[in-house]
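# Structural overview for review
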Amino acid sequence: MIRKELVAASAEPLILSLLAKGESYGYAIIQEVKARSDGKLQWTDGMLYPVLHRMEHKGWIKSRWAESETGRKRKYYALKRDGKTAMAKHHEQWSLVHSVLAGLQKEQYV
Amino acid sequence: MFDLEKAISDWRHQMLAAGIKSPVPLEELEGHLREEIEQQMQSGLAEAGAFRSAIQTMGQASLLKAEFDQTGGLDGWSGNNRFINTNRILGAFWVAQGFWYLSDLSALLGQVNPSPKNEPSWGFFIVAMAVGAALAGVWGGVCLIRGTKSGRTIISAAAILGLSLCPLQIPLHLFNLNLFPAWITIFAAFDLITLWLLFSPKHRTSKAAQ
């Protein structure tokens, strides 16, 4: 399991990156994150929505209500231009952290 | 006998009691809960077990409420974040004021221009600036209502521009153009109130929390 602080910190970049592939809704976002991390990234499901709403307030994503194929109402989220910029910044920062960590790890085994 | 609909209704009441009153997040959370229950039932759990498992994954109502409060409040006009509601009311006033102002100013533009040599007069430039401020007010007002980040910046700029235009009425009166009626003082007061609301320490704290 991944520590909750890291899970919380990774929420925004993960959501932005998932929405970059196309619009989606809360439940599907959580399922995809679970599947891609083999269940190691476990969010408390309800906590996703405050994050989505915060990102909407920031102007990174937009939302619309639509009916699913089963007739259930779902709120779909899509990436906005500011969201793409935010995603690029997140990727840059996470890549930097990753490269520093990888470099340090490499030095330990030399 | 377990009644799923009653259980979901009770869960909704718990959420409401915790303060998640706005319809938008509650509808969204309920939709998620129902999908999770369906998923659990498809994987073999009975209704009661699926419901219990689903509400556990949703998280506690009080924690959810706290998270929503940190994000800048619950969506919707009935949301309980007063800063967002203040912004929306302020935005509505700016839209109304902008249109009212524009209707007067468009008539004034014809009066102050052209000068005898068909060149734009000072009065024309000042009224044109006022038209710009009014248009910015309408646009910024819409942004504030929608909760867009740029709304605060646009309205601040429009309020400062509006305030800076107020002293210009003195030279305009000297040129006998009589551009600005007495209610300019009301607009000046409105501009000041707007700036106070947008930049008051409490509001800044709220923005920082986001």
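For the structure, see preceding data.
Here's a quick rundown of the structure. (Residues numbered from 1 in each chain as written. Chains lettered and ligands numbered in written order. Predicted model: local features only at pLDDT ≥ 70, side-chain atom pairs only at ≥ 80, totals over all residues. Heavy atoms only, no water.)

### Describing the packing of helix 1 (residues 4-20) of chain A against helix 4 (residues 81-108) of chain A
All names here are of chain A. Here helix 1 crosses helix 4 at 130°, and the two axes come no closer than 9 Å. Between helix 1 and helix 4, the angle falls in the class oblique. Both helix 1 and helix 4 take part in a crossing whose hand is left-handed. The segment helix 1 lies against helix 4, with Leu-6, Ala-9, Ser-10, Glu-12, Pro-13, Leu-16, Ser-17 and Ala-20 engaging Gly-83, Ala-86, Met-87, His-90, His-91 and Trp-94. Residues that form the contact of helix 1 with helix 4 fall into these classes: eight nonpolar, five polar and one charged. (Axes fitted to C-alpha atoms, helices over the stretch in contact; angles between N-to-C directions. Helix = DSSP H or I, 4+ residues; strand = E, 2+ residues; numbered from the N terminus. Parallel < 35°, antiparallel > 145°, perpendicular 65-115°, else oblique. Left-handed = near helix turned anticlockwise from the far one by under 90°. Contact = heavy atoms within 4.5 Å. Nonpolar A, V, L, I, M, F, W, Y, C, P; charged D, E, K, R; others polar.)

### Details of the layout of surface pockets
The calculated volume of the largest pocket comes to roughly 510 Å³. Of all the secondary-structure elements, those providing two or more residues to the lining of the largest pocket are helix 1 and helix 3 (48-57) of chain A together with helix 4 (61-70) of chain B. With six residues, helix 1 of chain A is the largest single contributor of residues to the lining of the largest pocket. Partitioned by chemical class, the residues of the lining of the largest pocket number twelve nonpolar, three polar and four charged. (1 Å grid on protein atoms, 1.4 Å probe; cavity = no way out; pocket = protein on both sides within 12 Å on 5 of 7 lines; lining within 4 Å. Points joined across faces, edges and corners; volume = space filled by probe spheres on them.)

### Some remarks on the pattern of salt bridges
Residue and element names in this part refer to chain A. Taken as a whole and judged by the stated rule, the model has 15 salt bridges over all chains. Of the charged contacts in the structure, one is a salt bridge between Lys-75 and Glu-56, with a shortest N-O distance of 3.8 Å. Taken together, the positions of Lys-75 in strand 3 (residues 73-79) and Glu-56 in helix 3 put the pair 19 residues apart, joining distant regions of the chain. Residue classification places Lys-75 among the buried residues on the basis of a relative accessible area of 6%. (Salt bridge = Lys/Arg side-chain N within 4 Å of Asp/Glu carboxyl O. Buried < 20%, exposed > 50% of the residue type's maximum accessible area, 1.4 Å probe, protein only.)

### Things to note about the nonpolar core
Ranked by size, the top nonpolar core spans 40 residues in total, and within it Ile-15, Trp-43 and Ile-61 of chain A carry the most contacts. The leading source of residues in this core is helix 1 of chain A, at six residues. Non-local contacts of Trp-43 of chain A, meaning those with residues more than four positions away in its chain, are made with Val-7, Ala-11, Leu-14, Ile-15, Ile-29, Ile-30, Val-33 and Leu-48 of chain A. Counting ten residues, the second-largest nonpolar core is a separate cluster that includes Leu-102, Ala-130, Val-131 and Val-138 of chain B. (Core = buried A, V, L, I, M, F, W, Y, C linked by side-chain atoms within 4.5 Å.)

### Focus: the packing of helix 1 of chain A against helix 2 (residues 26-36) of chain A
Residues and elements named next belong to chain A. Where helix 1 contacts helix 2, the axes come no closer than 11 Å and their chain directions differ by 105°. If you check the angle between helix 1 and helix 2, you find them roughly perpendicular. Between helix 1 and helix 2, the residues in contact are Leu-14, Ile-15, Leu-18 and Leu-19 and Ile-29, Glu-32, Val-33 and Arg-36, respectively.

### What to know about the sheet that holds strand 2 (residues 61-67) of chain A
All names here are of chain A. Taking strand neighbours across the sheet as the criterion, the three strands line up as 1-3-2 in an open arrangement whose pairing is antiparallel. With partners counted over all chains shown, the strands left at the sheet margins are strand 1 (24-25) and strand 2, one partner each. With seven bridges connecting them, strand 2 and strand 3 associate as antiparallel partners. Of the residues in strand 3, the one forming a bridge with Lys-62 is Ala-78. (Pairing = 2+ DSSP bridges.)

### With respect to the interface of chain B and chain A
Between chain B and chain A, the contact holds 27 residues from the first and 22 residues from the second. For the pair chain B and chain A, the summed buried surface comes to about 2,300 Å²; carbon and sulfur atoms form 55% of the total. The interface formed by chain B and chain A includes two salt bridges. Here Arg-72 of chain A and Glu-38 of chain B are joined by a salt bridge, their closest N and O atoms 2.7 Å apart. Between chain B and chain A we count nine residue pairs in polar contact (both at pLDDT 80 or more) in total. Broken down by secondary-structure element, the contributors of at least two residues to the side of chain B that touches chain A are helix 2 (23-42), helix 3 (47-58) and helix 4 of chain B. Counting residues per element, the side of chain B that touches chain A draws most heavily on helix 2 of chain B, which supplies twelve residues. For the side of chain B that touches chain A, the class distribution of residues is eight nonpolar, ten polar and nine charged. (Buried area = accessible area lost by both parts, 1.4 Å probe. Polar contact = N/O pair within 3.5 Å; in protein donor to acceptor, adjacent residues only side chain to side chain.)

### Side note on a nonpolar patch on the surface
Residue and element names in this part refer to chain A. There is a patch of nonpolar side chains on the surface, built from Ile-2, Leu-6 and Trp-94 and spanning about 250 Å² of accessible area. Topologically, Trp-94 is positioned in helix 4. A relative accessible area of 34% places Trp-94 in the partly exposed class. (Patch = residues over 30% accessible without salt bridge, like charges linked within 9 Å, V, L, I, M, F, W, Y side chains within 5 Å. Areas by Shrake-Rupley, 256 points an atom, 1.4 Å probe, with all protein chains shown as cover.)

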